[in-house]
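# Working through the structure, step by step
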Amino acid sequence: MAEYNVMEMMIVAASRELEDGSVVAVGTGAPCAAAMLAQKSRSPNLVILFEAGGIDPQLPEMPITVGDSRTIHRASMAGSMADIMEACARGAVDYTFLGGAQIDMYGNLNSTLIGADYEHPTVRLPGSGGANDFASLCWRMMVITLQNTQRFVEKLDFMTSPGWLEGGDSRERAGLPPGSGPYRIITNLAVMDFEPESKRMRVVSIHPGYGFAEVQDNCAFELLRAERIMDTPPPSKTELCILREQVDPYGLIINR
Amino acid sequence: MNIIDEGRGKLFADPDPDAARRFFRQKTRNLVSKEMPLRQAVETFVHEGGYLAIGGFGSNRTPIAACHEIVRQRVKGLAFAGHTSTHDFQVLCAGKVFNRLDVAYVVGLEARGLSSAGRRYLQSGEVEITEWTNHSMAIRLKAAAMGIPYIPCRSLMGTDTFRRSAAKLAECPFTGRRLVLLPALYPDVSIIHVHEADKYGNCRFKGISAADLELASASKRLIITTERLITNDEIRRDPYSTKIPFFLVDAVCEVPFGAYPGSMPGEYFSDEEHLMEWLAVEKDPQRFEEFLNAQIYGSADHAQYLARNGGLEKIRQLRARELLLSRD
């Protein structure tokens with residue numbers, strides 16, 4: 001078995017979710033690496049969109065921001081934010097990847113602030129950016145994140161972006177597009193989905209070297225278990241080779 | 001229309017389309033020269049208490065020279081559109097130029113990290129904040145550009161972002177579905193950086209447009225900073241390339257490398273070293289004050305700022321990086 005690190009495991013696991021011919025809206029960092037890896041391996045017809053207007057680029061290297069010219073390198077179009085967001089609103093974007101300082105059991109995300117008092121936060125964070133829009137409008141939202149009890153919390157300090165809200169059918173009742181919502185949470189320990197009725201986070205596969213206890217210990221809320229929890233297949237030699245040599249040759253993401 | 005709920009955030013700009021129509025009626029739409037120094041443009045159009053918006057996206061094609069000039073002139077009391085505002089936000093925060101803020105994305109410099117001075121300013125309680133998203137801010141500008149008072153969207157629902165916005169939740173009169181209504185945003189003054197413009201304000205730029213076309217139309221006053229002035233004859237030779245027409249524009253300022261230390265598509269990449277220096281020096285308020293005194297208050301203009309940070313040799317390196325010359 002090839003040697004790999006935690007970031008490589010997460011990126012590879014995420015890339016496997018992006019089937020050929022689908023459309024994904026990404027930001028910089030691990031999500032971008034996952035999309036590039038997918039495009040250079042199993043999903044050559046994956047269409048990559050960047051929030052600020054980059055449409056279908058052939059990325060020469062990792063972009064530093066979601067608006068720099070790497071995001072339109074050999075692209076089909078240098079468009080606008082409206083081009084991307086309106087495509088999401090029309091139902092033309094299958095996947096997105098988001099992150100946050102906190103996530104709860106329904107996949108709701110906080111990227112706005114830490115602290116109990118909105119007027120006087122302990123830590124002010126950037127806010128939604130395009131995250132609330134992507135989480136509201138893309139069909140399937142995914143998260144790639146390191147897992148610990150500070151991040152996987154019982155209650156968010158602020159709900160920036162919608163997951164399944166309070167679970168059950170609350171997301172659709174709130175008015176968000178039917179059929180959209182959180183899909184996979186990919187951590188350094190496991191891959192989670194959401195139980196179809198309660199919409200609570202559920203462990204579906206665990207990465208090599210870990211057990212359920214470790215996954216639960218690094219999460220402040222109770223995780224559900226899939227009927228049969230799989231072993232996440234480790235990154236293959238081919239996946240690692242493409243990731244290291246073509247996607248991130250300078251190790252900006254994978255060696256962070 | 002049945003209003004189901006509303007955010008409790010404050011609205012910092014009047015969405016009334018008829019007030020805007022009265023303004024646009026008296027604004028000159030003639031083909032007259034608007035060329036002027038950046039200092040004069042900021043003096044003339046950026047006023048205490050007004051609502052300011054900045055074009056570009058994050059550190060890309062952002063009018064940083066103009067942000068410096070606003071800080072240098074010690075303008076205060078603005079309201080500001082923080083729609084993916086990264087290094088521009090950092091600069092404007094350094095001068096504490098605004099005390100009311102529409103937030104979509106602020107404080108962060110994307111993957112580079114968070115601005116500690118920006119964070120301190122927002123945590124100080126000196127700034128009133130209303131929350132939005134990138135898409136909702138962009139289409140608030142679109143509504144203004146369309147001359148309508150609001151625009152519906154399907155983001156924000158069910159979240160604290162909605163609760164802290166100034167949007168309303170309504171029932172759609174056609175489908176019965178829930179919709180979020182966003183108030184039109186007419187900034188008092190906006191600044192957009194472009195590659196080429198003539199003295200009348202006809203503009204060309206390359207790369208993504210982010211929300212700049214909506215912003216240009218929505219703004220009551222529009223300052224253009226341009227890498228290069230070109231002739232009106234050149235504009236008319238190739239009208240397909242014009243992105244912003246002259247009649248939206250109030251000032252045209254030639255500012256070479258005006259997006260530095262941010263990037264300009266096809267011209268120069270961002271100066272990552274200098275941006276990291278900003279992030280590092282901000283951590284210590286005392287050192288940051290000295291840094292600002294030297295870098296911004298101590299520079300008469302953008303040319304001096306650039307000279308202080310590597311000058312044309314730095315630009316040559318950033319151009320090589322932007323164009324991926326090492327891979328050719």
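Residues numbered from 1 in each chain as written. Chains lettered and ligands numbered in written order. Predicted model: local features only at pLDDT ≥ 70, side-chain atom pairs only at ≥ 80, totals over all residues.

Quick look at the overall build of chain A now. The number of helices and strands found in chain A is 7 helices and 14 strands. For 256 residues, the compact-globule estimate of 2.2 N^0.38 gives 18 Å, and the C-alpha radius of gyration of chain A, at 18 Å, lies within 12% of that figure. Once the C-alpha set of chain A is aligned to its principal axes, its extents read approximately 45 × 45 × 35 Å. The buried share of chain A, taken over its 256 residues, is 57%. (Helix = DSSP H or I, 4+ residues; strand = E, 2+ residues; numbered from the N terminus. Rg over C-alpha atoms; globule rule 2.2 N^0.38 Å. Buried ≥ 20, exposed ≤ 12 C-beta atoms within 10 Å, placed from the backbone.)

Glancing now at the nonpolar core. With 181 residues, the main nonpolar core has Ile11(A), Ala33(A) and Ile224(B) as its most contacted residues. The element contributing the most residues to this core is helix α2 (residues 30-40) of chain A, with 8 residues. Sequence-distant contacts of Ala33(A), defined by excluding residues within four places in its chain, comprise Ile11(A), Met62(A), Leu243(A), Val247(A), Asp248(A) and Ile253(A). (Core = buried A, V, L, I, M, F, W, Y, C linked by C-beta atoms within 7 Å. Contact = placed C-beta atoms within 7 Å.)

Moving on, we come to the pairing of strand β2 (residues 51-54) of chain B. Residue and element names in this part refer to chain B. A two-sided burial pattern is seen for β2, the buried positions comprising Tyr51 and Ala53 on one face and Leu52 and Ile54 on the other. Two strands pair when backbone bridges link them, and β2 and strand β3 (residues 78-82) are joined in this way by 2 bridges, in the parallel orientation. By the bridge assignment, Tyr51 is partnered in β3 with Ala79. One crossover worth recording links β2 to the parallel β3 by way of helix α3 (residues 64-72), and it is right-handed. In this structure, β2 lies alongside strand β9 (residues 189-197), joined through 3 bridges in parallel fashion. Looking across to β9, one finds that Ile54 is bridged to Ile191. (Pairing = 2+ DSSP bridges. Right-handed = clockwise from strand over helix to strand, strands pointing away.)

Its 12 residues place the ends of helix α13 (residues 311-322) of chain B 17 Å apart at the C-alpha level, agreeing with the 16 Å of an ideal helix rising 1.5 Å per residue. Positive backbone phi, at 55 degrees, marks Leu324(B), one or two positions downstream of α13(B). (Expected span 1.5 Å × (residues − 1).)

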